[in-house]
Amino acid sequence: MAMTGISYETTAQDPASRALKVTVGLDRLDQAEKQAVREYAQHARLPGFRKGHAPDAVVRKRFEGEIRRYVVEQALRESWDAILKETGLKPVADPQVRNVTFEAGQPMQFELIVDIRPEITLATTGGFTTTRTVNPVTDEMVQDQIDRLREQRGAWNPLEGVQPKPGNLVSVSVTPIEPGKEPAGAAPHELVLGQGQTIPDVEERIMTLKPGETTDAEVRFPDDHPDESRRGATRRVRITLHEVKEQALPTLDDAFAREVGDFESVEALRTAIRSDLAAEAAREADARVREDLLRQIAQANNVPAPESMVHRLIHAYAETYQIDKAQFGTFASTFHPIAESQVKRELILDAVAAAQNLRATEADIDAKVAEMAAVRNLPPAKLYASLEQGKRLGELERSITEGKIFAWLLSQSTITEGTA
């Protein structure tokens, strides 16, 4: 395609991206260069010339680098504006600019990588069948929650002259031993044995020591260690055990129940925990129903997961989780199916919301804020301002929209209650 002084061609595309090769002609570049010279000539102060009266040749020589940057930026901006106007593309972010070539007497060329939101039309959004199964709450699950509460409030008491065992809290120093070098003293750190907070070989050596003792040992990293470079590797280390502590759990009685919360007895605490677990089980069952409906819709409509969107999502998560560059390949390979599913999910929800006009309105948001404010005993305006300042209104809007979408999808499908 060609515009005045600007031409472009599509070199690659998928439903969510375009790769464009753009050429800016010499006439267009010359216009931008003359404009840059005028700008610098009018505002620059050069020795021997009054402001605004320096010859163009002098201005070009003095501001050669600045003028070149001006021309490049002007060409990029004008090209992108013209392409948007002609193509009607709806980008989801600013384009990526690659491979810029700009030589004297030659047209300027560059590539634009444009991410766009694909338009998905769903032919089938109803008539599906799925089963809602709520997992039962067992006595063991309730007891496990109570045990966690006791552990959170348990005191750690030091032990003297004993070897630690799983469940003990230990303070240790682990220092690598390099051939021909005296091991540098490592700072002590604490860990609970048996919880996988260090490699098994180190834990085994720790449990052979008593407080104040040191041992040198060769330890092996497990084959499934998160750091691929260490899997199966061995290292000689010096381990010093400084302290051992054993946890004393509080007595499970009515006094403990009152300390945990507003409960008059242990039985009242158990009842509350069981109720919370049942509510969580119901939410998980609802979530499984929603995800199964989305899976069926994706299959029925052959919803794609454009690789550009999958790739962008993988990089976003890698940045969030601070994945090291050396580990990115493994992370990307493992996370790819999850990212692909997430992309399909977002496209389906967006398509349903658009087709059925289900996006959250200002009235929906105001009503939700008022509801949240009542629970928190706050004026709605104050909570709204707080959400706006924290940039959380978009999150609230998406939550409301998803709620409306799933309510509509459920009304179009058959849901049966199952038993676990």
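Here the structure is a predicted model, which is why all the values come from computation and not from measurement. (Residues numbered from 1 in each chain as written. Predicted model: local features only at pLDDT ≥ 70, side-chain atom pairs only at ≥ 80, totals over all residues. Heavy atoms only, no water.)

## Here we look at the overall build of the protein
Along its length, the protein carries twelve helices and twelve strands. Whereas a compact globule of 420 residues would reach a radius of gyration of roughly 22 Å, the protein reaches 32 Å, over 25% beyond that. Based on the C-alpha atoms only, the size of the protein along its principal axes is roughly 90 × 70 × 45 Å. A total of 420 residues make up the protein; the buried ones form 32% of that total. Surface summary for the protein: the accessible area is close to 25,600 Å², and the carbon and sulfur share equals 48%. (Helix = DSSP H or I, 4+ residues; strand = E, 2+ residues; numbered from the N terminus. Rg over C-alpha atoms; globule rule 2.2 N^0.38 Å. Buried < 20%, exposed > 50% of the residue type's maximum accessible area, 1.4 Å probe, protein only. Areas by Shrake-Rupley, 256 points an atom, 1.4 Å probe, with all protein chains shown as cover.)

## Remarks on the side chain of Arg 132
You can see Arg 132 is positioned in strand β6 (residues 129-133). On the accessibility criterion, Arg 132 (18% relative accessible area) is buried. Excluding residues within four positions of it along the chain, Arg 132 makes contact with Ala 282, Ala 285, Asp 286, Val 289, Ile 415, Thr 416, Glu 417 and Gly 418. (Contact = heavy atoms within 4.5 Å.)

## A closer look at the packing of helix α10 (residues 362-376) against helix α11 (residues 380-389)
In contact at an axis separation of 8 Å, α10 and α11 are set at 110° when each is read in the N-to-C sense. As the angle between them shows, α10 and α11 are arranged roughly perpendicular. Contact residues: α10 offers Ile 365, Asp 366, Val 369, Ala 370, Met 372, Ala 373 and Arg 376, while α11 offers Pro 380, Leu 383, Tyr 384 and Leu 387. Tallied by class, the residues present in the contact of α10 with α11 amount to nine nonpolar, no polar and two charged. (Axes fitted to C-alpha atoms, helices over the stretch in contact; angles between N-to-C directions. Parallel < 35°, antiparallel > 145°, perpendicular 65-115°, else oblique. Nonpolar A, V, L, I, M, F, W, Y, C, P; charged D, E, K, R; others polar.)

## Some remarks on helix α12 (residues 393-411)
Here α12 is 19 residues long and its end C-alpha atoms lie 27 Å apart, about the 27 Å a rise of 1.5 Å per residue gives. Those residues of α12 that sit buried are Leu 393, Leu 396, Ile 400, Thr 401, Ile 405, Phe 406, Trp 408 and Leu 409. As for α12, its buried residues are in contact with α7 (266-301), α9 (325-356), α10 and α11. (Expected span 1.5 Å × (residues − 1).)

## Re the pattern of salt bridges
Scanning the model with the defined rule gives 19 salt bridges in all. For the salt bridge of Glu 417 with Arg 132, the shortest nitrogen-to-oxygen distance reads 3.2 Å. Of this pair, Glu 417 sits in strand β12 (residues 414-418) while Arg 132 sits in strand β6, and the two are 285 residues apart along the sequence. Taking the relative accessible area as the measure of exposure, Glu 417 reaches 57% and is therefore exposed. One salt bridge connects Arg 295 with Asp 292, and the closest N-O pair in it is separated by 2.5 Å. On the criterion of helical spacing, the pair formed by Arg 295 and Asp 292 is a turn pair, its members being three residues apart in helix α7. Members of the salt-bridge network, linked through shared partners, are Arg 132, Asp 286 and Glu 417. (Salt bridge = Lys/Arg side-chain N within 4 Å of Asp/Glu carboxyl O.)

## Examining α7
An ideal rise of 1.5 Å per residue puts 52 Å on 36 residues; α7 measures up with 53 Å between its terminal C-alpha atoms. Immediately beyond the C-terminal end of α7, within one or two residues, lies Asn 302, with a positive phi of roughly 50°.

## Regarding the nonpolar core
By size, the foremost hydrophobic cluster in this structure holds 32 residues, and its most contacted members are Leu 122, Ile 314, Val 343, Ile 348, Val 352, Ile 405 and Leu 409. Per element, the largest residue contribution to this core is eleven residues, and it comes from α9. The contacts of Ile 348, once residues within four sequence positions are left out, are Leu 122, Leu 294, Ile 297, Ala 298 and Val 303. Grouped together as the second largest cluster of nonpolar side chains are 24 residues, Ala 32, Val 37, Val 71 and Val 114 included. (Core = buried A, V, L, I, M, F, W, Y, C linked by side-chain atoms within 4.5 Å.)

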